[in-house]
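Understanding the architecture of this molecule
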Amino acid sequence: MFTFAVNEWEWVEKNPCSKLKLREGSGRTRFLIQDEPSLLLTACRAEVDRELELIVLIAMTTGMRRGEILNLRQSDIDRKRGRILIRESKNGDSRSVPLVSQVQSALDALSTVTSIRRDALLFPQPGTNSEKPLVIDRLWQRARAAAK
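Residues numbered from 1 in each chain as written. Predicted model: local features only at pLDDT ≥ 70, side-chain atom pairs only at ≥ 80, totals over all residues. Heavy atoms only, no water.

Further remarks concern the side chain of Gln104. Inspection of the secondary structure puts Gln104 in helix 5 (residues 101–113). Other than its neighbours up to four places away in sequence, Gln104 contacts Arg79, Gly82 and Leu99. (Helix = DSSP H or I, 4+ residues; strand = E, 2+ residues; numbered from the N terminus. Contact = heavy atoms within 4.5 Å.)

Dropping the structure here:
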């Protein structure tokens, strides 16, 4: 921005940020290959909390982030259109993602055993009256280790 302000608009004479050395992290992109998805889902299914399997299945089939999934509410699921509404994504925008039939069936089964309140979290912490999302860190680490 400052470079543009100096060169194009001539608003300032020198870019005060020109000596800053900013580096973006390289991040890590890893895709599941061959039999890894089924191994991971089997390991999740073996966990005491069966909701982990559905959470991972949603992540694998939609590309949603963990926070987006864990903060889903009953009202975010559009069963007629087969879509999930993400009210606020990482960049602050809302978007919707399609559901595969396997996820839609699992969500239907989940809604028959969980709260029917439209504003309730899909994956609440047990005993919190549906106001705090489920904490899956330990479950996830165990499932990943089991799936190798």
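It is worth spelling out the nonpolar core at this point. In this structure, Ile58, Met64, Ile84, Leu107 and Phe123 are the most contacted members of the largest nonpolar core, which totals 29 residues. Within the residue set of this core, elements represented by two or more residues are helix 2 (36–46), helix 3 (51–62), helix 4 (66–70), strand 2 (83–86), helix 5 and helix 6 (137–147). Among the elements that take part in this core, helix 3 stands out by supplying 6 residues, more than any other. In contact with Ile58, not counting residues within four places along its chain, are Gly63, Met64, Ile69, Ile84, Val103, Leu107 and Phe123. (Core = buried A, V, L, I, M, F, W, Y, C linked by side-chain atoms within 4.5 Å. Buried < 20%, exposed > 50% of the residue type's maximum accessible area, 1.4 Å probe, protein only.)

Side chains that differ in sign of charge can pair as their charged atoms come close. Under the counting rule described, the total for this entry stands at 7 salt bridges. A salt bridge links Asp137 to Arg66, with the nearest nitrogen and oxygen atoms 2.5 Å apart. Of this pair, Asp137 sits in helix 6 while Arg66 sits in helix 4, placing them 71 residues apart in sequence. Using a relative accessible area of 39% as the deciding quantity, one classes Asp137 as partly exposed. Looking at Arg66, the relative accessible area reads 49%, which means it is partly exposed. A salt bridge links Asp76 to Arg87; the shortest N-O distance between them is 2.6 Å. (Salt bridge = Lys/Arg side-chain N within 4 Å of Asp/Glu carboxyl O.)

Our next topic: helix 2. When we look at burial in helix 2, the residues that qualify are Leu40, Leu41, Ala43 and Cys44. Taken around the axis of helix 2, the buried residues stretch over an arc of 160°, which confines them to a single face. Looking at the buried side of helix 2, the elements it contacts are helix 3 and helix 6. (Arc of directions from axis to C-beta.)

Here we have 3 strands laid out as an open sheet, ordered 1-2-3, and antiparallel in their pairing. Of all strands in the sheet, those bounded by a partner on one side alone are strand 1 (77–78) and strand 3 (95–98). The sheet contact formed by strand 1 and strand 2 spans 2 bridges and is antiparallel. The partner of Asp78 across the bridge, within strand 2, is Arg83. (Pairing = 2+ DSSP bridges.)

Even without glycine at this site, Glu10 takes up a positive phi of about 55°. One can find Glu10 in the loop between helix 1 (2–9) and helix 2. Residue classification places Glu10 among the exposed positions, given a relative accessible area of 65%. For Gln34, which is not glycine, the phi torsion reads 45° and is therefore positive. According to the relative accessible area criterion, Gln34 is exposed, its value standing at 77%.

With that settled, consider the side chain of Asn15. Along the chain, the position of Asn15 falls in the loop between helix 1 and helix 2. Classification of Asn15 by relative accessible area gives buried; the value is 15%. Residues within four places of Asn15 in sequence aside, it is in contact with Phe2, Thr3 and Val6.

Looking now at the packing of helix 2 against helix 6. Where helix 2 contacts helix 6, the axes come no closer than 8 Å and their chain directions differ by 130°. Judged by the inter-axis angle, helix 2 sits oblique to helix 6. Read as a crossing pair, helix 2 and helix 6 show a hand that is right-handed. Between helix 2 and helix 6, the residues in contact are Leu39, Leu40, Ala43 and Cys44 and Trp140, Ala143, Arg144, Ala146 and Ala147, respectively. Residues of the contact of helix 2 with helix 6, tallied by class, amount to 8 nonpolar, no polar and 1 charged. (Axes fitted to C-alpha atoms, helices over the stretch in contact; angles between N-to-C directions. Parallel < 35°, antiparallel > 145°, perpendicular 65-115°, else oblique. Left-handed = near helix turned anticlockwise from the far one by under 90°. Nonpolar A, V, L, I, M, F, W, Y, C, P; charged D, E, K, R; others polar.)

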